[in-house]
Structures are given as C-alpha cells and as structure tokens.
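Understanding the architecture of this molecule
For reference, the chains in residue letters:
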Amino acid sequence: MSDFEETLDPDDWTSSRNLGHQMIDDAIAHLSEMRERPVWQEMPDTVRSFFKSPAPMAPQPLDAVYADLRENLLPYSMGNIHPRFWGWYMGSSNFTGALGDFLAAIDGSNLGGGNTAAAMIDIQVVNWFKELMGFPEDASGTLTSGGSMANMVALNVARNALAGVDVRAEGILGMPQPIRFYASDQVHSCHQKALETLGHGASALTEIESDDHNRISIPALQDAIAKDRANGIKPACIIGTAGTTNTGALDDLVSIAEICRREGIWFHVDGCIGAFLRLAPRHKHLVDGIDQADSIAMDPHKWLHTPFEAGCVLIRDAQRHFGTFEMHGHYLQMQERGLMAGTFLADYGFELSRGFKALKIWMSLKENGVEKLGRLIDQNIEQARYLQQLIAANPKLELVAPVDLNIVCFRYTNGVTDEDRLKELNTEIMLRVQESGLAVPSDTTLDGKHCLRVAINNHRTRRQDLGLFLDTVLHIGAELEGERRANA
Ligand SMILES: *Cc1c(COP(=O)(O)O)cnc(C)c1O
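Residue positions are counted from 1 within each chain, in the order its sequence is given. Owing to the predicted nature of the model, reporting of local features is limited to residues with pLDDT of at least 70; listing and counting of side-chain atom pairs is limited to 80 or more, with chain, interface and lining totals taken over all residues. No hydrogens and no water enter the side-chain calculation; it runs on all heavy atoms of the structure.

1. Some thoughts on the site of the ligand
Any residue with a non-hydrogen atom lying within 4 Å of a molecule or strand is treated as near it. Contacts to the ligand come from 14 residues, most closely from Gly-147, Ser-148, Asp-270, Asp-299 and Lys-302. Between an oxygen atom of the ligand and a side-chain N or O atom of Ser-148, the distance comes to 2.6 Å. Definition of a polar contact: a pair of N or O atoms within 3.5 Å, with one able to donate and the other able to accept a hydrogen when the atoms are protein atoms, and with sequence-neighbouring residues admitted only if both atoms are side-chain atoms. At 2.7 Å from an oxygen atom of the ligand is found a side-chain nitrogen or oxygen belonging to Asp-299. All accessible-area figures derive from a Shrake-Rupley calculation using a 1.4 Å probe, and residue coverage is judged against the displayed protein chains alone. Taking 380 Å² as the accessible area of the ligand by itself, protein coverage stands at 86%. What counts as a helix is a DSSP run of H or I of at least four residues, what counts as a strand is a run of E of at least two, and both are numbered from the N terminus. At the level of secondary structure, the elements contributing two or more residues to the shell around the ligand comprise α6 (147–162) and α11 (300–303).

Right, dumping it as structure tokens:
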C-alpha cells in the first residue's frame, strides 16, 4: 500500500483563487455585454470537433481547461439569456441564481433529506410558494427538476388517491375500473408522457376541445365526464392549464374547481407558465381559482428566471403526498436526533439524491423581493400587447391567435393566402432571423395555420427589441418575395 494519498483538492489554493476570481470577472463581462452579441450562432466545425476528443486520461491545469471553455462554450449557447430570445418557452436566468448554484455546490449537501440548513432552505422555499399560491400551511410540496416532473408527481398522487385500490401494493391491474384524466386539447405533452410512464397509457388522457381563446370548453368537459361515468370509467382528475404553451391561454379555473368539487374529482393546475401570475399586481386575476386546486405544478425556471433546473409541485393533502412516495431502506432510517432527524425530503418524490436547487431561488427571491418579480411578469404581458399592436397596425402581418398573456402568434402574409406557401415563407423567415443572430422566435401551427411564435418570458427584453425584430421579419419577408420573383 502506498503512503501517498490523493485528494481532489488543489495543491495550491492560490491559483484556484485567482482562476475563480477570473471566472467571476468573465461572467460579469459576459452578462453585461450580452446585448451586443448575437443571440445564437452556428458552431464552426472546429468547435464541434473539439467536443469529440476522447476521455482525458491524464491531468491538465484548470487554467487550460477553462481557456478551452471560454473559446468553445459560451459563444455557442442557446441564447435564452439574451434580451431578444423569445423561442419555445424558456426563462432568462439571472446572476444571483448563478451564484446560488455555485454556493449550493460549495455547501455540497444532498437534499434527499437530513438535518441541515440546506434542507431548511428547501422547505422554506416550498413554504413560500404555498403562501404565494394561497395554499394552507399544512399542505406539502417539493422542488423538482422542472414542470414535467412536477406534473408527474401530482398526477401520481392524484392517481393513487382515486385508484380505488392500494395501487402501491396492487399496481394498476388491481384497479376496479379504468380512470380518466381530462385537459384541453392545448395541454402540454408532458401529461401524456406522465400517464404513459405511470402505466395508464395515452388513452387515459381525454383532450377536450378548446374555445376561440384556446381555453378548455366547460360544456364539452362536463359531457365527457358524464359519458365516461355512464360507461363505467371513473373520472379521476381534471388538469386546468394556467397559461398554455402554444398561446398562453388560461383555462377557467373557477369553473373547473366547481366541477371537481361537485364530482369528487382531483383538481390539478398545470401552472408551469401561469402560476406566478399570482405575484403580478395587474394580472393576478387571470389565475383566480388556482388556490382551490388539489395540486399545482409550477416552474421557477420560467417566469422567476431561476437558472435551469427548478420546478415545484404543491399538494394540498400532505398525507396523500407522503403516502405516495414514502420509502426507506434499512440503510436509511429516520431518527429522533442527529443528522437523520426531521423531514426526509425524498419522501415527496421519485428521486433520492436531490440537488440544492432551493438556494438559487431563495437568494433571488430575497434580493429582488416578490413584488419586483411580479412587476416583471406584468411587464412581459404588456410587451406582448405592444407587439400585438404593432402587428395589428401592419397589413403585411396577420395575428393568428388572441394575445391573452405573453405569447404572440403571427405570420408574414403580404397578401399571400396559400397555406403551404405561407408555411414555407414563415419557416424560412424564422430560420433566417435565428441565423442572423438578431433574435430567436420559434413557430407553431394553430388550427392549420403555421405561424411565428414569440413568447416573451424575459426580464431583459425592451420594447425597442420588439420593434427591431418586426422590422427584420418584414425585411426578410420582402427579400424572400424578391428571391421568388427572381427565380420565377
Ligand atoms: C414548460 C411547460 C411544461 C414542462 O415543464 P419543463 O420544466 O419543461 O419540464 C409543462 N406544462 C406547461 C404548460 C409548460 O409550459
């Protein structure tokens, strides 16, 4: 046996300190000069091949590792931290959150549980969310990787509550009758994925038609429930969406709550986009009824701009939540004292080892205050309305869906009516805008109409960015029509 014992700690902390300071300086430069850089750019071949080198068997100085990253990583990021990124549905992160991630790793605690200050922070963040959502103090909740996992945890608890059998022991084959989950046809795909994973299959999710504002049709929902009951199927859960991903539509949560109460159905709210509207002074009313839910899924990494990842689920009935996931091996028994005293956080979800993602949320909430974060939500909604007005005022552009929140769906038409040609034209506009580095919109198809989609979930966006973007869309649209004429 060798007397020489190794560690991952550096031999010389001085050079680590200097490099750490350098990284902070570079990070601040990166963020403060963000606006001047392209939102996104294609990686050159040299960068792609850099990431294909074989596993490094021998050491190299951290300075060299970092120098490689400076060159090959940050210039080729997604761009969602840039003021003109509005694609899909992201958040735009924040520096305090990044420091929180760093300090969480320095603390190093495993948030599966344990009698630690880190666990106190995890519990406190969930308690704050309960308070902000109007949930009772004795409700429970857990931080998750994101909204998909938050929704799946809630659907699992709902399923176990309504299964009609001890489903943990018997499995779904022991259930006396099939169960159904209901949501609008705008529901996020993660619910289907969750029901597939939970063993019920996609057919356990009934998608109800939506109205002209893309909200779930309440009469159609009631019909579907009545029909299922008549056919021996048990209605188990209605998923109301507070802010759909396609268009930002807000289901009528008050009516859904009433149906759930009357029918003995679990009321789940997918609030990944909209739950935090509760914080927004001018738009809080859009989620009236959310406080009546049995469970809420939310995504701090969207409208709170927590660096990825951070989701959260709240469950009104803490006992049912605990009863769904509680599990302890012989090697992991709770104690009255010592490090294994208190709440075991892994008893509220699938994962045992858990990261300290609470800290990045906790620090940003404390630093900014809930009120400011709420105002930023209002700001994005008002920016979407501003963009809507610019589009409405321009005859070359067509608004494709009502703007009820912070998502604007529109397309460049300039008199073109053929759907295939419009799709080709707008897809090419989207790609050229992305490749220009000026902005990142994405696209979707609504009622057969392909369109550009601008989801303004970004604390760095200014109105002038939206004007600049529209000018670019119009410019590229005209350019494409010119190319078409030249080729004809
Ligand atoms: C983003 C989103 C999800 C999924 O959340 P992730 O954090 O991406 O896993 C679920 N529902 C809605 C409405 C969303 O917008």
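2. Examining a nonpolar patch on the surface
Patch rule: a residue counts if its relative accessible area is over 30% and it has no salt bridge; like charges are joined within 9 Å, and nonpolar side chains (Val, Leu, Ile, Met, Phe, Trp, Tyr) within 5 Å. Whenever a carboxyl oxygen of Asp or Glu lies within 4 Å of a side-chain nitrogen of Lys or Arg, that contact is scored as a salt bridge. Nonpolar side chains collect at one region of the surface, where Phe-51, Leu-69, Leu-73 and Leu-74 lie side by side and expose about 340 Å² of accessible area between them. Checked against the element boundaries, Leu-74 lands in the loop between α3 (62–72) and α4 (95–107). Residue class for Leu-74 comes out partly exposed when judged on its relative accessible area of 40%. Whether a residue is buried, partly exposed or exposed follows from its accessible area with a 1.4 Å probe, protein chains only, as a fraction of its type maximum: under 20%, in between, or over 50%, in that order.

3. Thoughts on the domain arrangement of the protein chain
Domain start and stop points were drawn from an automatic or database domain assignment. Here the protein chain is partitioned into domain 1 (13–39 + 41–76), domain 2 (99–370) and domain 3 (371–487). Placing a centre on the C-alpha atoms of domain 2 and another on those of domain 3 gives a separation of 32 Å. The contact criterion used is simple: two residues touch if any of their non-hydrogen atoms lie within 4.5 Å. Domain 2 puts 28 residues into the contact, and the matching count from domain 3 is 26 residues. By buried area we mean how much accessible surface two parts lose on assembly, using a 1.4 Å probe and totalling the loss over both. When domain 2 packs against domain 3, close to 2,200 Å² is buried across both sides, 58% of that on carbon and sulfur atoms. At the junction of domain 2 and domain 3, the tally comes to 1 salt bridge. Taking the shortest distance from any N to any O, the salt bridge between Glu-382 and Arg-282 comes out at 2.7 Å. On inspection of domain 2 and its partner domain 3, the count reaches 17 residue pairs in polar contact (both at pLDDT 80 or more). Only α11 and α13 (358–368) provide two or more residues apiece to the side of domain 2 that touches domain 3. With 3 residues, α13 is the largest single contributor of residues to the side of domain 2 that touches domain 3. Under this grouping Gly is polar, as are all residues other than the nonpolar Ala, Val, Leu, Ile, Met, Phe, Trp, Tyr, Cys and Pro and the charged Asp, Glu, Lys and Arg. Looking at the side of domain 2 that touches domain 3 residue by residue, the class counts come to 12 nonpolar, 13 polar and 3 charged.

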